[in-house]
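# Understanding the architecture of this molecule
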Amino acid sequence: MKQTHGGDIYTAKELYQGELFDFSANINPLGLQQCVKDAVCANLDACEHYPDPQNRALRTALSMYESIDPNRIVCGNGSADLIFRLVHAAKPKRALLPAPTFAEYEYALRTVGTDIKYHLLAEEHHFAVTEAILDDLDDSIDILFLCNPNNPTGQITPRVLMKEIIRKCADLGILLVVDECFLDFTEEESESTVKPYLNEYPNLFVLKAFTKIFAMPGIRLGYAFSSDEALLESIRSHGQPWSVSVLAEAAGIAALTDPDYVQRSKEVITEERDYLTNELNQLGLQTYASKSNYIFFRDNKKRKLTEALFTQGILIRSCANYQGLDASYWRIAVKDHRANEILIRAMQTIL
């Protein structure tokens, strides 16, 4: 599989000698919690044993943190692992994907030969999901993926519309996968999550991860919820039994013990996102009011920002390979203020 995501600092280090600023991956700028680092170090001796294939301690911690029955939680080696397991368990014949959206859904679906229909999101609506998606839901669709907030646009699907989508998918027997991996960064998390509908709708599958909000992409830890126990068991069986390492489980449990970390993260993200958005607008770039920890913008002149910024040690994410977008669209992560100022000064020089 061709590497099309952000975060490839390893190739960048081969080509650039100096400090790198990675705006191509949307990681919490507060970084790893000290309690996570301590937990990893404290559990090194435990690596002499296999991990718990049922992730009992982690699911118990997640149950308390998310207020979800632990029997309705499945854990994996990042959310990407669970996406691939899910499609191999469900083997959908036809899928509906908004465009643009997270590329991993399509990659996973292609591995099982799924026919993919795209629902193109309109720029005049800031690439937000609207009621128009309901018209594309019919009995030919087996699975629908919705990223909320959407990656790369940062737009949130309103709860009223999401409920309509959930109901229609249930009526048509469509498996609805809602990816909430970035929802914890938003102030709308409590009113936008679809967790309250899990009991009523067994066709609903919710994805989450420690990757972005807890700044641990290198540890690889994701989880998901569903009230369909048969589906959860099938997902567990469609992968190797030790997908969550001893250290990943310890890191996840520790991450959940700091109740203030997520709120502090939201405050930093909101302040720095506003700063970056205002600066980008002043540079004549078009932004789209992202609600998450990244900013989606357009440069109508289609300048080669990747190459120009890389000469200054800055990585950003071109969105040219997203369905429905072209080389004029970009995404940057919201980082700490020092890094954000460095990015803006570099862009001022270039533009």
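Residues numbered from 1 in each chain as written. Predicted model: local features only at pLDDT ≥ 70, side-chain atom pairs only at ≥ 80, totals over all residues. Heavy atoms only, no water.

## With respect to the overall build of the chain
- Across its full length, the chain holds twelve helices and 13 strands.
- Expected size for 351 residues packed as a compact globule is a radius of gyration near 20 Å; at 20 Å, the chain falls within 12% of this value.
- Each of the 351 residues in the chain was classed as buried or not, and the buried ones make up 54%.
- Nonlocal contacts in the chain, meaning residues at least 24 apart in sequence, comprise 74% of its contacts between residues at least 6 apart.
- Accessible surface computed for the chain: about 15100 Å², of which carbon and sulfur atoms make up 50%.
- In the chain, 35 side chains carry a positive charge and 48 a negative one; their mean positions are 3 Å apart. (Helix = DSSP H or I, 4+ residues; strand = E, 2+ residues; numbered from the N terminus. Rg over C-alpha atoms; globule rule 2.2 N^0.38 Å. Buried < 20%, exposed > 50% of the residue type's maximum accessible area, 1.4 Å probe, protein only. Contact = heavy atoms within 4.5 Å. Areas by Shrake-Rupley, 256 points an atom, 1.4 Å probe, with all protein chains shown as cover. Lys, Arg positive; Asp, Glu negative; His and termini not counted. Charge placed at Lys NZ, Arg CZ, Asp CG, Glu CD.)

## A look at the nonpolar core
- Among the nonpolar cores identified, the biggest contains 78 residues, and Leu144, Ile165, Leu204 and Phe210 are the most heavily contacted of them.
- Looking at which element gives the most residues to this core, the answer is helix H12 (residues 337-350), with six residues.
- Among residues more than four places away in sequence, those in contact with Leu144 are Leu96, Pro98, Ile133, Leu137, Ile165, Cys169, Ile174, Leu175, Leu176 and Val177.
- Among the nonpolar cores identified, the runner-up in size contains 24 residues, and Phe102, Tyr105, Ile143 and Leu231 belong to it. (Core = buried A, V, L, I, M, F, W, Y, C linked by side-chain atoms within 4.5 Å.)

## So, the sheet that holds strand S12 (residues 317-318)
- Strand order in the open sheet formed by four strands is S9-S10-S13-S12, with antiparallel pairing between adjacent strands. The two strands at the open ends of the sheet, each matched to only one other strand, are strand S9 (286-287) and S12.
- Pairing geometry for strand S10 (residues 294-298) and strand S13 (residues 329-333), over five bridges, is antiparallel. Across the sheet, Arg298 pairs through a bridge with Tyr329, a residue of S13.
- Together, S9, S10 and S13 form the strand contacts of helix H10 (residues 261-282), whose direction differs from that of S10 by roughly 10°. (Pairing = 2+ DSSP bridges. Axes fitted to C-alpha atoms, helices over the stretch in contact; angles between N-to-C directions.)

## Notes on the side chain of Asp136
- Secondary-structure assignment places Asp136 in the loop between strand S4 (115-120) and strand S5 (143-147).
- Here His119 takes part through its side chain, which lies 2.8 Å from a polar atom of the side chain of Asp136.
- Setting aside anything within four residues of it in sequence, one finds Asp136 in contact with Leu96, Lys117, His119 and Ile141. (Polar contact = N/O pair within 3.5 Å; in protein donor to acceptor, adjacent residues only side chain to side chain.)

## Some points on the pairing of S13
- Burial of S13 is extensive: five of the five residues sit out of reach of the surface.
- Neither face of S13 is left uncovered, since the one carrying Tyr329, Arg331 and Ala333 and the one carrying Trp330 and Ile332 both have all their residues buried.
- As paired elements, S12 and S13 share two bridges and run antiparallel to each other. If you follow Ser318 over to S13, its bridge partner there is Trp330.

## What about the environment of Ala250?
- Note that Ala250 resides in helix H9 (residues 246-255).
- Overall, Ala250 belongs to the buried group, its relative accessible area being 12%.
- Once the C-alpha coordinates of Ala250 and Ile9 are considered, the two residues, 241 residues apart in sequence, prove to be 26 Å apart.

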